[in-house]
Every structure is written in C-alpha cells, then in structure tokens.
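For reference, the chains in residue letters:
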There are 2 protein chains.
Amino acid sequence: MPEKTQPAPLRLATFLPFRLSVLSNAVSQRIAELYDREFGLSIWQWRVMAVTADRPGISATEIGQRTQMDKVAVSRAVAGLIEMGYLERRASTDDARRSNLVLTPAGLGIYELIVPLALAEEAQLVSALSDKEQSELARLMGKLAIAASPERDLW
Amino acid sequence: MPEKTQPAPLRLATFLPFRLSVLSNAVSQRIAELYDREFGLSIWQWRVMAVTADRPGISATEIGQRTQMDKVAVSRAVAGLIEMGYLERRASTDDARRSNLVLTPAGLGIYELIVPLALAEEAQLVSALSDKEQSELARLMGKLAIAASPERDLW
DNA sequence: ATGATATAGTTTCATATGTAACCAATATTG
DNA sequence: CAATATTGGTTACATATGAAACTATATCAT
C-alpha cells in the first residue's frame, strides 16, 4: 500500500522571497519615515534627488533606469519636486522631448541635509554586522540580484 | 582658508535600503507572477494560504502576525479567498468575534500545487549561491531584521 | 522630403493600499 | 452587574500606483 505523499513543507518564515520582502519593508519604512517626517519627501522623490545630485542634467528616463522606477513614477516624483522648488527642468537643446533636470539651490541644500542622516541610519542598521559580514552581505545580494533579473543589470 | 567641506557621497547603487528594495521587488515580482498567472492569486492571498495550511483554524489576527500583513490586508485577502472557494470561515465557539479559518479541499489542492513551484523558484534563485553562502545570507538577513525592527520579532 | 516607427514624458482611468471610523463581542473595573 | 475599555474584524474614504492611451518630437526607410 503506497504511503500518502507528504506535500513539501513550506514555512513562510524561511521562504526567501517572503523574508526579503519583510526585511526590505522594515528597512524602507524606517528611512522613509525620516524623509517624510523631516522633509516631506516620498522615497521616490528622495531617489530622484539622489541620482540628480549625482548627475546634474539627467533626464527622466535615465532617472528611471538608475532608480528602477517606472516612468510614471519618475514623472510624478519630478513634478512634486518641482512644485516644492527643489528641482528645475531645463529644456534640452538637442532633443526637445527630453528635459534636463537639476536640483535648485534649495534642493541641493536639503539634499545635503538628508545625506548624512540617511547614511547614519544605514550605518546604524548595519552596525549589527561586522565589516566582513557587511561586504559579504553586499556580495551575496549582488549575486542574488543577478539571478533574479539577469536581463537588466541593476548595478 | 578653510576648504569647502565635501558633502558625504551617497551612491544609491550602494545604499543598502535601496539595494534591498530593488532586490526584494525583483524577487517578489518573479514569484508573484507565478501565483497570479497560474492561479489568480495575489501575494497576499498566497501568504494567507501558506500560513493557514500550516495552522488550520488560525484567526485573521494571527495570520497578520505571521505574515506581517496589517489587518485590513488580511481581511481583504481572506474575503477574496473565500470568494474563490479556497478558504472557509468557521465560527469560533469560545469567542464570537474571532473566526477560525481553514483551507477548503479546493484550497488545499491548489496550495499543494503551488508549493513545489514556489520552492522550485526559490531553489533556482538561490542556486547562484553555494549552500554555505545561502545559510550565511539567511543568517545575515536575520541579524539585519532584528536591527531594523527590534520590537516585533519577525521570525 | 514623406510617411511609418520609435522615444520622452504626461495624463487618464481603474485598481490597490493604508488610515481612520466603525460594529460587534469580550474583558475589565468599580 | 453596569459602565468602560479593549479586541477581532469590516467598511469607507482618501491616496498611491500601474497600465494603457495620448502628445510631441525625433528617427528611419524609402
């Protein structure tokens, strides 16, 4: 008489996609609260500021690539930042569809306020890990990211 | 003459909260597509099924704790699953507010179809890592999770 | 040049999500 | 055993989000 086959066990608590999601949310929420509470910025707006600070004159499309945001999200984040006076849209000379985005002095100002806070938050978070563990984590995440989406190279 | 102080650099691409978020999204999207495409389930519904399979008779509140979903999300996922005929709500004898949730035979059936697919997806994902790397990743994520939300113990 | 196709970005619309208000039942307190 | 507070869960409302349609410009193929 054949045994009844046991279904493979699946404990959510050890299922990587679940754990990743919960961890990511916990981390994001902590820092999102900082951006929002102190500066009225959404995570997406913060991301847009960060890449624009890094690459002044960047286009919305490029922002999307660097931040993994879709173009609608970029468009909205940009609109909000312009509204708040943190971002400026400059016409592109060579391509009239494109706009070149730059932080305003005000935008740069709060960006420079946020950076150390964000880095401090990150530092506090990873302080639970040794330096070696930190770099190992980064390395493993990198491998996983490639496995998860080989097509688009994220970093 | 004092140097102009350089703002601390922040490259989004190496900023842990960002990397985690992108990685988590990439992973989630892959498997979410599987649940949805093959079975018409949202991630939330899948999570509810998973914990209910593990603990038949579980309450909505307990589901929330185990899945890190808020009670509204649980309520909606449960309603959807009942609608689809995958979940059954049983009155609790001792507390009339609470309901005891169990998978229907149909629900159990598709659950048992999904589990191996989900595990296979996970396996494929982590196959980029050695066994040792896998357990190391799990360990590091655990430490990080505690650092990120010491209050609620996630696992 | 001219029509066809692709690209940058925005707007629209439908759906998902979170917060707060709410209802019902239980637990607590005086 | 009232009166009050708490808990389990749902509903309502306001906001966030994503897909698809759309506008404007640029590129490509003839």
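Residues numbered from 1 in each chain as written. Chains lettered and ligands numbered in written order. Predicted model: local features only at pLDDT ≥ 70, side-chain atom pairs only at ≥ 80, totals over all residues. Heavy atoms only, no water.

What follows deals with the protein's contact with DNA strand D. Near DNA strand D, the surroundings consist of 19 residues, among which A:Arg76, A:Ala96, B:Thr61, B:Ser75 and B:Arg97 are the closest. The sugar and phosphate moieties of DNA strand D supply 57% of its atoms located within 4 Å of the protein. Residue B:Arg97 places a side-chain N or O atom 2.5 Å away from a base oxygen belonging to DNA strand D. Those elements that place two or more of their residues in the surface near DNA strand D are α4 (71-84) of chain A together with α3 (60-67) and α4 (71-84) of chain B. The leading source of residues in the surface near DNA strand D is α4(B), at 4 residues. Here the surface near DNA strand D is built from residues that sort into 5 nonpolar, 4 polar and 10 charged. (Near = heavy atom within 4 Å. Polar contact = N/O pair within 3.5 Å; in protein donor to acceptor, adjacent residues only side chain to side chain. Helix = DSSP H or I, 4+ residues; strand = E, 2+ residues; numbered from the N terminus. Nonpolar A, V, L, I, M, F, W, Y, C, P; charged D, E, K, R; others polar.)

Let us now look at the packing of aromatic side chains. Residues and elements named next belong to chain A. In this structure the tally under the stated criterion is 4 aromatic pairs over all chains. Ring plane angle 25° and centroid distance 5.9 Å describe the contact between Trp 46 and Tyr 111, whose orientation is recorded as stacked. In this pair, Trp 46 is assigned in helix α2 (residues 43-54) and Tyr 111 in helix α5 (residues 105-126), connecting sequence segments 65 residues apart. One aromatic cluster is present, built from ring pairs that chain together Tyr 35, Trp 46 and Tyr 111. (Phe/Tyr/Trp six-rings, centres within 6.5 Å; stacked < 30°, edge-to-face > 60°.)

The subject of this paragraph is the protein's contact with DNA strand C. For DNA strand C, the set of nearby residues contains 18 residues, the closest of which are A:Thr61, A:Lys71, A:Ser75, A:Arg97 and B:Arg76. Across the atoms of DNA strand C situated within 4 Å of the protein, the share located in sugar and phosphate is 55%. A:Arg89 has a polar side-chain atom sitting 2.8 Å from a phosphate oxygen of DNA strand C. Interatomic distance of 3.1 Å between a backbone N/O atom of A:Ser99 and a phosphate oxygen of DNA strand C.

Here we take up the relation of the copies chain A and chain B. When chain A is brought onto chain B, the operation consists of a screw motion whose angular component is 180° and whose axial shift is 0.0 Å, with 0.0 Å RMSD remaining. Taken together, these values place the two copies in the relation of a two-fold axis. Most of the interface of chain A is mirrored in chain B, where 100% of its interface residues again form contacts. (Least-squares fit on C-alpha atoms with pLDDT ≥ 70 in both. Contact = heavy atoms within 4.5 Å.)

Under the criterion given, the structure shown has 22 salt bridges over all chains. In this structure, A:Arg139 and A:Glu136 form a salt bridge, with 3.0 Å as the shortest nitrogen-oxygen distance. Of this pair, A:Arg139 and A:Glu136 both sit in helix α6 (residues 131-148), 3 residues apart, roughly one helical turn. Since its relative accessible area comes to 39%, A:Arg139 is described here as partly exposed. A salt bridge links B:Arg55 to B:Asp54; its shortest N-O distance comes to 3.9 Å. (Salt bridge = Lys/Arg side-chain N within 4 Å of Asp/Glu carboxyl O. Buried < 20%, exposed > 50% of the residue type's maximum accessible area, 1.4 Å probe, protein only.)

In the contact formed by helix α1 (residues 16-39) of chain A and helix α1 (residues 16-39) of chain B, the axes pass within 9 Å of each other and the chain directions differ by 145°. Helix-helix and strand crossings are classified by hand; for α1(A) and α1(B) the assignment is left-handed. Only B:Pro17, B:Leu20, B:Ser21, B:Leu23, B:Ser24, B:Val27, B:Ser28 and B:Ile31 of α1(B) make contact with α1(A), whose side of the interface consists of A:Pro17, A:Leu20, A:Ser21, A:Leu23, A:Ser24, A:Val27, A:Ser28 and A:Ile31. Considering only residue class, the contact of α1(A) with α1(B) consists of 10 nonpolar, 6 polar and no charged. (Axes fitted to C-alpha atoms, helices over the stretch in contact; angles between N-to-C directions. Left-handed = near helix turned anticlockwise from the far one by under 90°.)

What follows deals with the nonpolar core. Grouped together as the largest cluster of nonpolar side chains are 33 residues, with contacts concentrated most on B:Tyr35, B:Leu41 and B:Trp46. Listing elements by their share of this core, those giving two or more residues are α1 of chain A together with α1, α2 (43-54), α4, β2 (99-103) and α5 (105-126) of chain B. Counting residues per element, this core draws most heavily on α2(B), at 6 residues. Setting aside residues up to four positions removed in sequence, B:Trp46 forms contacts with A:Leu10, A:Leu12, A:Phe15, B:Tyr35, B:Tyr111, B:Ile114, B:Val115 and B:Ala118. Grouped together as the second largest cluster of nonpolar side chains are 32 residues, A:Ile63, A:Tyr86, A:Tyr111 and A:Ala118 included. (Core = buried A, V, L, I, M, F, W, Y, C linked by side-chain atoms within 4.5 Å.)

Many structure descriptions define interface size as the accessible area lost when the parts assemble. Contacts between the two partners involve 58 residues from chain A, matched on the other side by 58 residues from chain B. One salt bridge in this structure joins B:Arg11 and A:Asp54, with 3.3 Å as the shortest N-O distance. Listing elements by their share of the side of chain A that touches chain B, those giving two or more residues are α1, α2, α3 (60-67), α5 and α6 of chain A. Counting residues per element, the side of chain A that touches chain B draws most heavily on α1(A), at 15 residues.

Next up on the list: the pairing of strand β2 (residues 99-103) of chain A. Residue and element names in this part refer to chain A. The buried fraction of β2 amounts to 5 of the 5 residues, a majority that puts the element mostly inside the structure. Of the two faces of β2, the one holding Ser 99, Leu 101 and Leu 103 and the one holding Asn 100 and Val 102 are both buried throughout. Pairing between strand β1 (residues 87-91) and β2: 5 bridges, direction antiparallel. Looking at β2, one finds that Glu 88 is bridged to Val 102. (Pairing = 2+ DSSP bridges.)

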